[in-house]
Amino acid sequence: MMQGERLGRIGGHRRPVGRLVGIVLATVLVGTTAWSARELGREARGDNRIELGSLLAPAGPEDPASGRKPGPVLYSRGLPPLFPAAPNLSRRPRFISDQSLQTVNGTIDLARPLPGSLARDPGDAAGSLGATLLVRLAPDRGGRGGVLERIRAAGGRTLAPFGPETYVVHVASRAAAAALSRSQGIERVIPFGPELIVDGRIGQTPVRTPEAAASTRLPLVAGLFPGVDPEPVARDLEAFGATVRSIEATPGALALIRFDLDYDRILTVAESVFGLLRVEEETVVIPADEEMSAALQSGAFFNGKVALWDAGVDGSGGGLTGGQIIAITDTGLSYDAMHFSDTFTTAGTPGPGHSKVLSYLAVGTGDLQSCDAPANGGSTHGNIVAALAAGNVTRFGIDLRNNPGWDRAFTGFAADGVARGAKVVFQDAQASAACAGDFDQVTPGNLFDRMNEARNLGARVHNFSFSVDGSEGLYTLDDINVDKFLRANRDYLLVAAVGNQGADFNGDGNYEFGSITAPGSAKNAVGVGSSNYPNEPINPFDPVSALAPGVPNEGLNLLSVFSQGSTGRGPATFPNRVKPDVMAPGQDTFPNLYVDGAAACRSSDNDNSETTNGIECILDDDNDGTSFAAAGVTGAAALVRDYFAQGFGDDGAPGGPGVGTAISGAAAKAILLGSTQFMRVSPAFKFDLVQPRFDKPDILGRFNFEQGYGRVNLSRILPLYSDADSPSGLILEDQGLTGGLLAGQTFTRTVTVLNPAEELRVALAWMDPADLSGAGALVNNLNLEVVDHGPNNLLGDSDDVVYRGNFFTEDQGNFDGRLQLADPNNPAIISEDSNGNGLLDESEFSLRVNPALRDYRDMHNPNEAVMLSPDPNRDGNPVDAQVFAGRKYTSRVSAPTVKSPFETV
């Protein structure tokens with residue numbers, strides 16, 4: 001591996017407002033009260049130690065007849081865990097209390113004896129360089145500013161926040177530590193020991209070669225506190241025998257040091273070297289349709305519409321404004337194939353004058369080659385991802401009707417990506433020689449740098465269709481830098497695959513929680529899971545249950561199942577930060593277009609030059625995975641940006657007063673979330689032996705760990721004057737580029753519904769500051785509330801109906817489908833039953849809130865939604881209607897908490 005690199009895993013006129021699809025967006029300076037932890041996949045043992053397992057299971061080669069690459073074989077190391085079990089360390093807490101401390105290794109109950117080095121007297125931690133301590137403020141502190149001043153007066157220097165009312169502080173001496181402990185307004189002072197710094201899964205993730213498994217010298221990466229000079233830290237690491245491979249100190253990013261170190265010195269280094277915020281192991285990063293374009297625009301592919309394309313919204317700008325630019329970091333691009341060639345006969349040179357590829361950069365081990373040559377596997381993961389997002393062959397007259405490679409197709413689909421008019425900035429992060437191995441791998445390096453490079457080249461939407469080995473259920477250094485970049489560059493959006501690591505290890509038919517991988521687990525990224533395509537037959541071999549073309553099936557199943565697992569299942573970090581955010585097609589169960597899985601044009605060689613074999617369009621299909629689902633949503637995000645840039649946001653027609661409008665990343669994210677189509681499963685599926693069963697195939701509560709808000713379907717949120725089936729109206733409040741709410745402020749908007757036959761959707765998203773505690777918790781907490789004014793149409797009366805963001809199920813504790821009427825371990829949690837009927841209520845539409853029973857508010861996720869329907873249970877009887885003609889609805893976004901002193905984190 002070259003110095004400074006790491007391996008990664010790919011795996012015309014106005015219409016009246018009827019459906020008021022309100023998108024309320026804000027970014028604020030701060031906020032939070034609740035913090036998430038994570039699942040480590042560890043099991044308690046009889047010897048009172050924790051065995052650090054991996055969610056990756058060893059896998060042998062697949063049947064060569066499948067034509068797919070075999071899965072990698074994984075080797076266990078046999079290294080002992082770094083930390084012994086602690087009775088008060090919870091790997092998967094259901095509820096978080098004021099006495100909880102969220103850490104990279106789980107939740108610590110501060111009311112009980114502390115584990116390991118954290119139990120020492122704070123003064124004992126002070127050496128010649130002083131001591132780094134964790135300081136928890138008392139609830140009656142009387143103002144944070146005064147307390148932080150007293151910390152300074154006691155000789156302390158605040159390094160960073162570390163959870164609610166908790167800060168990492170450095171003191172110069174034992175006396176200063178003692179003074180800090182006695183300071184008014186401080187509740188607790190404990191050493192900032194290795195248990196808070198070192199990821200306990202280091203050394204426990206299976207590796208790809210027996211040589212790596214036998215080695216006790218591990219590749220590590222350390223994240224430093226903001227403002228700490230990395231050069232002295234690197235020298236200190238070398239003094240303990242580390243080999244420093246690179247120092248990455250991009251302004252605005254979390255500084256990283258990549259180094260190799262003997263396993264038995266890791267805890268000593270964490271104890272002795274000042275400036276270390278987090279130490280993680282560097283593991284491999286592996287890459288994780290034509291039907292896609294129609295599915296994401298209309299929710300169907302059998303005779304599905306491409307209404308946005310028909311209206312001129314395809315990413316090109318429609319002649320009204322500059323087109324969209326999508327960035328992709330992956331294994332390589334084939335621009336000697338028609339999706340991305342400059343002309344019909346020439347590949348061209350990437351650059352401003354190229355018709356599709358604005359830039360082709362080598363990063364990490366990338367060599368600007370593809371993997372298309374038969375000796376290299378004959379397929380390039382990055383090329384498929386790019387083609388699904390922005391490929392375009394119809395400009396050369398290629399479609400499914402006249403391409404010999406697809407001559408069996410029976411529809412008129414064009415073989416284009418979702419944002420076919422967009423251009424691409426591509427970062428090649430894999431050498432072509434690696435393609436011939438048993439699995440793809442990428443070396444993206446610092447993800448902050450990758451996004452920064454692409455943004456400087458004009459990109460505003462970025463795709464990461466890879467996942468980091470061993471990062472399931474974690475909030476990693478990669479996640480931190482992703483969140484830092486998206487917070488600092490608020491016109492940018494990252495779409496990331498959540499990984500293909502879902503698995504049923506014990507064979508009970510239930511896919512285990514906590515298999516979301518970085519960077520799809522970042523708070524601000526749009527994490528995408530994979531579904532089957534809409535309109536799939538329930539059972540393609542059963543003519544009775546198979547669906548006819550044009551008949552929508554709203555979701556064959558919740559998760560795609562691949563040869564090496566299934567789409568990642570949430571939470572991203574425990575107890576309940578929900579991922580995936582959205583779903584998109586990533587797998588065919590039956591080749592309904594005679595094109596199986598995600599498909600693209602490829603060439604037959606690696607050289608990206610037409611001088612070898614000319615410009616080609618060879619069918620590359622049979623591709624499944626969250627990588628390709630994320631590619632589709634990346635294209636959809638570009639369509640959303642193009643929609644507003646062309647001025648459609650005014651009345652659903654191009655050329656409105658908003659031509660040239662650039663929306664924030666938060667706005668694009670909120671629109672994607674608000675567009676989603678909840679995927680129900682037909683009852684017939686429960687008896688279908690062709691598809692694997694899932695533990696909750698009939699789950700009814702939206703915003704769950706299997707599908708998030710649902711599958712992206714832009715026809716449910718973007719009005720088009722040219723499409724009678726599109727929504728009647730859209731209101732966008734985008735504060736994402738200009739600021740947002742401060743603590744205690746509220747944004748309010750009232751609308752009147754004109755057409756009660758349409759849904760009312762309100763979605764909120766914000767870019768949250770990174771959480772340095774390792775828990776991936778909210779730093780800013782916004783609350784969304786929608787109030788139905790009731791029959792008298794007066795706000796504030798007893799007939800008001802209140803809906804709160806993300807409240808689609810009463811099972812908010814762990815989304816396991818069970819109503820918890822009492823929790824003996826948490827007496828304060830009396831019930832999750834919001835209406836007192838003793839039943840578990842859940843719906844794809846919002847549940848009304850009864851504050852007298854349970855005043856639910858989401859304090860875990862940086863996005864919220866309220867979705868109301870004229871017929872929530874879809875039985876044709878409007879008795880349960882939530883939308884009424886002439887009724888007023890008030891949306892409120894409030895900001896209860898601010899932590900602006902640490903906006904730099």
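### Here's the deal with the confidence of the model for the chain
Item 1. Confidence in the prediction for the chain averages 80 pLDDT; 76% of positions are at 70 or higher.
Item 2. Taken together, the stretch residues 900-905 has pLDDT below 50 and engages in 18 contacts with residues farther than four places along the chain or on a different chain.

### Describing the packing of aromatic side chains
Centre-to-centre distance and the angle between the planes together describe a pair of aromatic rings.
Item 1. The tally for this structure, following the rule as stated, stands at 12 aromatic pairs.
Item 2. Ring geometry for Phe 162 against Phe 192: centres 5.4 Å apart, planes inclined by 90°, an arrangement best described as edge-to-face. Taken together, the residues span a long stretch of sequence, with Phe 162 in the loop between strand E8 (156-161) and strand E9 (166-171) and Phe 192 in the loop between strand E10 (186-191) and helix H3 (194-197) at a distance of 30 residues.
Item 3. Ring pairs connect the aromatic residues Phe 162, Phe 192 and Phe 225, which therefore count as one cluster.
Item 4. One residue, Arg 420, lies across the ring of Trp 309, its end atom 3.9 Å from the ring centre.

### Comments concerning the pairing of strand E7 (residues 131-137)
Item 1. Across the 7 residues of E7, 7 count as buried, placing the element largely inside the fold.
Item 2. As defined by bridge partners, E7 adjoins E9 across 6 bridges and the pair is classed as antiparallel. Looking across to E9, one finds that Val 135 is bridged to Tyr 167.
Item 3. One ladder, built from 5 bridges, connects E7 with E10; its direction is antiparallel. Looking across to E10, one finds that Val 135 is bridged to Val 189.

### What about the nonpolar core?
Item 1. By size, the foremost hydrophobic cluster in this structure holds 112 residues, and its most contacted members are Val 482, Val 528, Val 633, Tyr 643, Leu 672, Leu 714 and Leu 718.
Item 2. If near-sequence neighbours (up to four positions away) are discounted, Val 633 is found in contact with Leu 296, Val 495, Val 526, Val 528, Val 582, Met 583, Ala 584, Leu 672 and Val 712.
Item 3. Phe 83, Leu 101, Val 168 and Leu 276 belong to the second largest nonpolar core, which has 50 residues in total.

### As for the sheet that holds strand E17 (residues 357-362)
Item 1. Read from one edge of the open sheet, 7 strands run E17-E18-E16-E19-E21-E22-E25, paired in parallel fashion. Sheet topology places E17 and strand E25 (582-587) at the edges, where each strand pairs with a single neighbour. Direction aside, neighbouring strands of the sheet carry axes that sit 25° apart on average.
Item 2. Bridge count for strand E21 (residues 493-497) against strand E22 (residues 526-532) is 3 bridges, and the pairing is parallel. The residue of E22 that forms the bridge with Ala 497 is Val 528.
Item 3. Relative to strand E16 (residues 325-330), helix H9 (residues 381-390) is tilted by about 160°, and along the sheet it contacts E16, strand E18 (423-428) and strand E19 (461-464).
Item 4. Contacting E16, E18, E19 and E21, helix H10 (residues 447-456) crosses the sheet at an angle of about 145° to E19.

Basis of the calculations
Residues numbered from 1 in each chain as written. Predicted model: local features only at pLDDT ≥ 70, side-chain atom pairs only at ≥ 80, totals over all residues. Heavy atoms only, no water. pLDDT = per-residue confidence, 0-100. Contact = heavy atoms within 4.5 Å. Phe/Tyr/Trp six-rings, centres within 6.5 Å; stacked < 30°, edge-to-face > 60°. Helix = DSSP H or I, 4+ residues; strand = E, 2+ residues; numbered from the N terminus. Lys NZ or Arg CZ within 6 Å of the ring centre and 35° of its normal. Buried < 20%, exposed > 50% of the residue type's maximum accessible area, 1.4 Å probe, protein only. Pairing = 2+ DSSP bridges. Core = buried A, V, L, I, M, F, W, Y, C linked by side-chain atoms within 4.5 Å. Axes fitted to C-alpha atoms, helices over the stretch in contact; angles between N-to-C directions.

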